[in-house]
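Now for the letters of each chain:
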Amino acid sequence: MKLYFFPYACSLAPHIVLRELALPFDLVLVDNQAKITAEGEDFLQINPKGYVAALKLDNGQVLTEASAILQYLADLKPAAGLAPANGSWERVRLQEWLNFIATEIHGGLAVFFNDAIQGDVRALFEATLFKRFAVLVQTLERQDYLLGSHYSVADAYLFVVLRWAAFHAIDLGRWPALAAFQQRVGERPAVVAALAAENP
Ligand SMILES: N[C@@H](CCC(=O)N[C@@H](CS)C(=O)NCC(=O)O)C(=O)O
């Protein structure tokens, strides 16, 4: 498998999970501006959406969308327990979290990468995002991980997108449960290794 990535972007989540599962993979850096891979390929030919993450399988299929890639990877090694069994009610709860992270937290933080978002407009986006943070806090104040006591692919995804708060001068220390979650997940050996491997 090949994981197309950009350092510390959302592709870091499947990268972490590949390491958690000890699956064999190659990392391919993508120039997100020029849309060229480090292997000299036109990235738009690989993923016409033009964004990471993209996972090329050994059969040539390319899978995109972090939530789908994360579940695909978890299901390659179900015994590792990074996702509840497909078809179970717990799996639906995982999907509920993945969608919340993708749409509310990933989307809510990514908007600040646009320098045009300033002043009152930024304050409006922040107010919405902080309401979503309150939902996370309600959960993470009473349990270590989104699904309970057990780490899952949703936690890897949440960790990756919450890291972006620092890029936007949002101090997660204002939400101790979120800061503690980042600390907890950030200490996992697979996370430490993935961050080191992406260090540009
Ligand atoms: N809907 C996609 C969004 C992926 C995404 O936002 N990728 C960003 C990095 S986190 C990217 O590569 N942006 C570059 C671009 O859109 O040109 C997903 O959930 O995986």
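As the structure is a computational prediction, the values presented were derived from the model and not from experiment.

As assigned here, the chain comprises domain 1 (2-80 + 190-198) and domain 2 (89-188). The junction of domain 1 with domain 2 conceals about 1500 Å² of combined surface from both sides, 64% of it contributed by carbon and sulfur atoms. A salt bridge links E20 to R188; the nearest nitrogen and oxygen atoms lie 2.9 Å apart. Summed over the shared surface of domain 1 and domain 2, the number is nine residue pairs in polar contact (both at pLDDT 80 or more). Elements that contribute at least two residues to the side of domain 1 that touches domain 2 include exactly α1 (12-20), α3 (66-76) and α8 (189-198). Considering only residue class, the side of domain 1 that touches domain 2 consists of 15 nonpolar, two polar and two charged.

Our next topic: the site of the ligand. Neighbouring residues of the ligand: A9, C10, N32, K35, G50, Y51, V52, E65, A66, H106, Y157 and W164. K35 is positioned such that a nitrogen or oxygen atom in its side chain is 2.7 Å from an oxygen atom of the ligand. Separating a nitrogen atom of the ligand from a side-chain N or O atom of E65 is a distance of 2.6 Å. Calculation on the ligand without its partners gives an accessible area of 510 Å², and the protein chains cover 69% of this total. Of the residues assigned to the shell around the ligand, the class counts are seven nonpolar, three polar and two charged. Counting contributing residues per domain, the shell around the ligand is built from domain 1 (2-80 + 190-198) and domain 2 (89-188), each supplying no fewer than three.

This part covers the UniProt feature "domain: GST C-terminal" (unreviewed entry) in the chain. In this numbering, the UniProt entry assigns the feature "domain: GST C-terminal" (unreviewed entry) to residues 87-200. With 70% helix and 0% strand, residues 87-200 has end C-alpha atoms that lie 39 Å from one another.

Right, let's get into the sheet that holds strand β3 (residues 36-37). Taken in spatial order, the five strands of this open sheet run β3-β2-β1-β4-β5, and their pairing is mixed. Each end of this open sheet is capped by a strand with a single partner; those strands are β3 and β5 (62-64). Summarising the sheet, strand β4 (residues 54-56) and β5 pair through three bridges and their orientation is antiparallel. Residue pairing in the sheet places A54 in a bridge with T64 of β5.

Moving on: the nonpolar core. As a rule of thumb, soluble globular proteins bury nonpolar side chains together. Core analysis: the largest hydrophobic core is formed by 61 residues, its most contacted members being F133 and L158. Of all the secondary-structure elements, those providing two or more residues to this core are α1, α3, α4 (89-110), α5 (119-140), α6 (153-167), α7 (176-186) and α8. Broken down by element, the residue count for this core peaks at eleven residues, all from α6. If we ignore the near neighbours within four places in the chain, the residues touching F133 are I105, L109, L162, I170, L172, W175 and L178.

Here we take up the packing of aromatic side chains. Tallied over the entire structure, the rule returns eight aromatic pairs. Note on F130 and W175: the rings are 4.8 Å apart at their centroids and 55 degrees apart in plane angle, and the pair reads as tilted. Here the residue F130 occupies a position in helix α5, and W175 occupies one in the loop between α6 and α7, the gap between them amounting to 45 residues. Across the pair, W175 and F130 agree in class, each one buried. Through successive ring pairs, a cluster of aromatic residues spans F113, W164 and F167. The positively charged end of R163 is found above the aromatic ring belonging to Y8, 4.8 Å away from the centroid. Looking at R188, its charged tip hangs above the ring of Y151, at a distance of 3.5 Å from the centre.

Conventions and cut-offs
- Counting restarts for each chain, with residues numbered from 1 along the sequence as it is written.
- Totals for whole chains, interfaces and linings use every residue, but because this is a predicted model, local features are given only for residues with pLDDT of at least 70 and side-chain atom pairs only at 80 or more, for both listing and counting.
- Note that water and hydrogens are dropped before the side-chain values are worked out from all heavy atoms of the structure.
- Either an automatic procedure or a domain database provided the assignment from which the domain bounds are taken.
- Accessible area that two parts lose when put together, with a 1.4 Å probe and added across both, is what the buried area reports.
- The working definition used for a salt bridge is a side-chain nitrogen of Lys or Arg within 4 Å of a carboxyl oxygen of Asp or Glu.
- Distance and chemistry together define a polar contact, namely a pair of N or O atoms within 3.5 Å, with one atom able to donate a hydrogen and the other to accept it when in protein, and with adjacent residues in sequence counting only for side-chain atoms on both sides.
- Secondary structure counts use DSSP, requiring at least four H or I residues in a row for a helix and at least two E residues in a row for a strand, with both numbered from the N terminus.
- Under the grouping applied here, Gly and all other residues not named as nonpolar or charged are polar, the nonpolar ones being Ala, Val, Leu, Ile, Met, Phe, Trp, Tyr, Cys and Pro and the charged ones Asp, Glu, Lys and Arg.
- A molecule or strand has a residue near it when one of that residue's heavy atoms lies within 4 Å.
- Accessible areas in this description were obtained via Shrake-Rupley with a 1.4 Å probe; residue shielding takes into account the shown protein chains only.
- UniProt positions are given in the numbering used here, feature names are shortened, and annotations may be inferred rather than shown by experiment.
- Strands were regarded as paired on the criterion that DSSP finds at least two bridges between them.
- Definition used in this section: a nonpolar core is a set of buried Ala, Val, Leu, Ile, Met, Phe, Trp, Tyr and Cys residues joined via side-chain atoms within 4.5 Å.
- Throughout, exposure labels follow a simple rule: accessible area from a 1.4 Å probe, protein chains only, divided by the maximum for the residue type, with under 20% read as buried, over 50% as exposed, and the rest as partly exposed.
- The contact definition used throughout considers only heavy atoms, calling two residues in contact when any of these lie within 4.5 Å.
- Aromatic contacts are taken between Phe, Tyr and Trp rings whose centres are within 6.5 Å, Trp giving its six-membered ring; a plane angle under 30 degrees counts as stacked, one over 60 as edge-to-face, and the others as tilted.
- Whether a charge sits over a ring depends on NZ of Lys or CZ of Arg being within 6 Å of the ring centre and within 35 degrees of the ring normal.

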